[in-house]
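A structural walkthrough
Each chain, letter by letter, is given below.
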Amino acid sequence: MVGPAFSELACRLAGTGIALALCLYKSIPLAVILAGFPISGLLLVALSLRNANRHGARFAFHARWREVLATMRGAAPFTVCEALGQFYMRVDLLLIVFLLGKANGGWYATDIKIVEVGLMPLVLLGTAAYPVLSRSAAHGAEEFAPLSRDFFRSILFASGWLAVGLYCLAPLVLTRLLGDAFQ
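Attention in this report is confined to the structure presented alongside it. (Residues numbered from 1 in each chain as written. Predicted model: local features only at pLDDT ≥ 70, side-chain atom pairs only at ≥ 80, totals over all residues. Heavy atoms only, no water.)

As for the packing of helix α1 (residues 2-23) against helix α3 (residues 36-54)
- Axis separation between α1 and α3 bottoms out at 8 Å; the angle between their running directions is 165°. In terms of their interaxial angle, α1 and α3 are classed as roughly antiparallel. In terms of crossing hand, the pair formed by α1 and α3 is right-handed. Along its contact with α1, which presents Pro4, Ser7, Glu8, Cys11, Ala14, Gly15, Thr16, Ile18 and Ala19, the element α3 presents Gly36, Phe37, Ser40, Leu43, Leu44, Leu47 and Asn51. (Axes fitted to C-alpha atoms, helices over the stretch in contact; angles between N-to-C directions. Helix = DSSP H or I, 4+ residues; strand = E, 2+ residues; numbered from the N terminus. Parallel < 35°, antiparallel > 145°, perpendicular 65-115°, else oblique. Left-handed = near helix turned anticlockwise from the far one by under 90°. Contact = heavy atoms within 4.5 Å.)

Section: the packing of helix α4 (residues 65-100) against helix α5 (residues 102-138)
- Following both chains from N to C, one finds α4 and α5 inclined at 160°, their axes separated by 7 Å at the closest point. As far as their axial angle goes, α5 and α4 are roughly antiparallel. Note that α4 runs across α5; the crossing there is right-handed. In this structure, α4 uses Met89, Arg90, Asp92, Leu93, Ile96, Val97 and Leu100 to contact α5, whose residues at the interface are Lys102, Asn104, Gly105, Tyr108, Ala109, Lys113 and Glu116.
- Classifying every residue of the contact of α4 with α5 by side-chain character gives seven nonpolar, two polar and five charged. (Nonpolar A, V, L, I, M, F, W, Y, C, P; charged D, E, K, R; others polar.)

Examining α3
- Taking 1.5 Å per residue, 19 residues should reach 27 Å; α3 reaches 27 Å between its end C-alpha atoms and fits that length.
- Directly beyond the C-terminal end of α3, a positive phi value near 90° is found at Gly56. (Expected span 1.5 Å × (residues − 1).)

Okay, structure coming up:
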């Protein structure tokens, strides 16, 4: 799972990096600037297919409707949970726009997107560690406790440096890249 997690991180960073690089040129239209995201997404799909093929997955749709519906029923709670989580995370933006206006909402949306991009490596690290932690949990606390403690310490360490970077480094970089209005 470590390889696929880093592939996802690399593809996400590539899309963001392409968009940031193209933002430096003032005459490029927004559609071209955002083109790096679907290209990176297609690259991630290709890498995922290659990884699945390497592990022996067969890609033929021969499921019956009953099986499809059972899968959808099983995935529905996770889908609803994710949708509610996204709604919960976006309600604050809607409230800021409603109470303080569109300009302040735009500044907040920019700031929150920077935080989300900064948190993505931590999420992917958790995704990569999940199978190892799950496997060790099945073998008992003597194997699970040290691994979970190391994982928790790693996340806490990375989160601390992320906070320092967002507070100290991000304002300097954003001001240079996007102008004085982002100070």
